[in-house]
Amino acid sequence: MEAMVNTVKGWIENPIKFARSHGVQVTPGAEMDDLESQVHILIVEGFLLYNYKPLLEFFDKSYYITIPYEECKLRRSTRQYTVPDPPGLFDGHVWPMYLKHRSDMDGTLQIEYLNGLKTKDEIYNQVYEDIHNTLLNRL
């Protein structure tokens, strides 16, 4: 997690230099010296991000996809692991840890909870629209 914090800091310092150093092609016009006039968006993804306090200061927007117990258990049971889950792992560990981590993160940030029962496209469109509106309101 400390390495992730350092990576995010490196991106914040100079998104263009960071992109180049990681093999990402920079679009024409992004070469301007005035980084302040440009919009750069970094998406940081992971299910325990909101439980690591040193990362919290970097988030402008926070989203968390939730699903009910029954759906989560169903999805987990259909996964194919090299080493299968032992019996009782979901109810004895996976779900209780999900509830613990979710409880620990509540109140740390203004998090928008997204309905994981929606399609990927619906979730994407909801987040895209929210970010787009946020950027429009900043101009």
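Cut-offs used in this document
- Residues numbered from 1 in each chain as written.
- Predicted model: local features only at pLDDT ≥ 70, side-chain atom pairs only at ≥ 80, totals over all residues.
- Heavy atoms only, no water.
- Axes fitted to C-alpha atoms, helices over the stretch in contact; angles between N-to-C directions.
- Helix = DSSP H or I, 4+ residues; strand = E, 2+ residues; numbered from the N terminus.
- Left-handed = near helix turned anticlockwise from the far one by under 90°.
- Contact = heavy atoms within 4.5 Å.
- Nonpolar A, V, L, I, M, F, W, Y, C, P; charged D, E, K, R; others polar.
- Expected span 1.5 Å × (residues − 1).
- Buried < 20%, exposed > 50% of the residue type's maximum accessible area, 1.4 Å probe, protein only.
- Arc of directions from axis to C-beta.
- Core = buried A, V, L, I, M, F, W, Y, C linked by side-chain atoms within 4.5 Å.
- Patch = residues over 30% accessible without salt bridge, like charges linked within 9 Å, V, L, I, M, F, W, Y side chains within 5 Å.
- Areas by Shrake-Rupley, 256 points an atom, 1.4 Å probe, with all protein chains shown as cover.
- Salt bridge = Lys/Arg side-chain N within 4 Å of Asp/Glu carboxyl O.
- 1 Å grid on protein atoms, 1.4 Å probe; cavity = no way out; pocket = protein on both sides within 12 Å on 5 of 7 lines; lining within 4 Å.
- Points joined across faces, edges and corners; volume = space filled by probe spheres on them.
- Phe/Tyr/Trp six-rings, centres within 6.5 Å; stacked < 30°, edge-to-face > 60°.

On to the packing of helix H4 (residues 69-78) against helix H5 (residues 89-105), then. For any two helices packed against each other, one specifies the crossing angle of their axes together with the interaxial distance. Contact pair H4 / H5: the axes reach a minimum separation of 12 Å and the direction vectors enclose 115°. When the axes of H4 and H5 are compared, the crossing they make is right-handed. Where H4 abuts H5, its residues Tyr69, Cys72, Lys73 and Arg76 lie against Leu89, Phe90, Asp91, Val94 and Trp95. A breakdown of the residues in the contact of H4 with H5 according to their chemical character gives six nonpolar, no polar and three charged.

The next thing to look at is helix H1 (residues 2-13). Its 12 residues place the ends of H1 17 Å apart at the C-alpha level, agreeing with the 16 Å of an ideal helix rising 1.5 Å per residue. Among the residues of H1, those classed as buried are Val5, Val8 and Trp11. Around the axis of H1, the buried residues are gathered within 125° of arc, so they sit on the same side. Facing away from the buried side of H1 by over 90 degrees, the exposed positions are Glu2, Ala3 and Glu13. Taken together, the buried residues of H1 touch helix H2 (15-21) and helix H3 (53-56).

Before going further, it helps to spend a moment on the nonpolar core. By size, the foremost hydrophobic cluster in this structure holds 15 residues, and its most contacted members are Tyr50, Leu55, Phe59 and Tyr64. Counting residues per element, the ones that place at least two in this core are H1, H3 and H5. Element by element, the count of residues in this core is highest for H5, at five residues. Setting aside chain neighbours within four positions, we find Phe59 in contact with Val44, Leu49, Tyr50 and Leu109.

As a further point, take a nonpolar patch on the surface. Together, Val39, Ile41 and Ile43 line one region of the surface with nonpolar side chains, adding up to about 330 Å² of accessible area. By secondary structure assignment, the location of Ile43 is in the loop between H2 and H3. Its relative accessible area of 72% is what places Ile43 among the exposed residues.

Here we take up the pattern of salt bridges. Where side chains of opposite charge bring their charged atoms close, a pairing between them can arise. This model, assessed by the stated rule, comprises five salt bridges. Lys61 is paired through a salt bridge with Asp130; the nearest N and O atoms lie 2.9 Å apart. Separated by 69 residues along the polypeptide, Lys61 in the loop between H3 and strand E1 (63-66) and Asp130 in helix H6 (residues 120-138) bring together distant segments of the chain. In this structure, the salt-bridge partner of Lys100 is Asp104, at a minimum N-O distance of 2.7 Å. One end of the pair is Lys100 and the other is Asp104, both in helix H5 and four residues apart, which spans about a single turn. When its relative accessible area of 41% is taken as the criterion, Lys100 is described as partly exposed. Look at Asp104 and you get partly exposed, because its relative accessible area is 38%.

This part covers the layout of surface pockets. Empty space within the second largest pocket amounts to approximately 200 Å³. Surrounding the second largest pocket, 12 residues form its lining, Ala19, Gln25, Val26, Thr27 and His40 being those nearest its centre. The element best represented in the lining of the second largest pocket is H2, accounting for three residues. Within the lining of the second largest pocket, the residues separate by chemical class into nine nonpolar, three polar and no charged.

A few words on the packing of aromatic side chains. Scanning the entire structure with this criterion turns up nine aromatic pairs. Seen from their ring centres, Tyr50 and Tyr64 are 6.5 Å apart, and the 45° between their planes marks the pair as tilted. Of this pair, Tyr50 sits in the loop between H2 and H3 while Tyr64 sits in strand E1, and the two are 14 residues apart along the sequence. Between Tyr64 and Tyr98, the ring centres sit 6.5 Å apart and the planes meet at 25°, which makes this aromatic pair stacked. A residue pair is termed long-range when its members are at least 10 positions apart, and Tyr64 in strand E1 and Tyr98 in helix H5 qualify at 34 residues. The class of Tyr64 is buried, set by a relative accessible area of 10%. What links up through ring pairs into an aromatic cluster is the set Tyr50, Phe59, Tyr64, Tyr69, Phe90, Trp95, Tyr98 and Tyr113.

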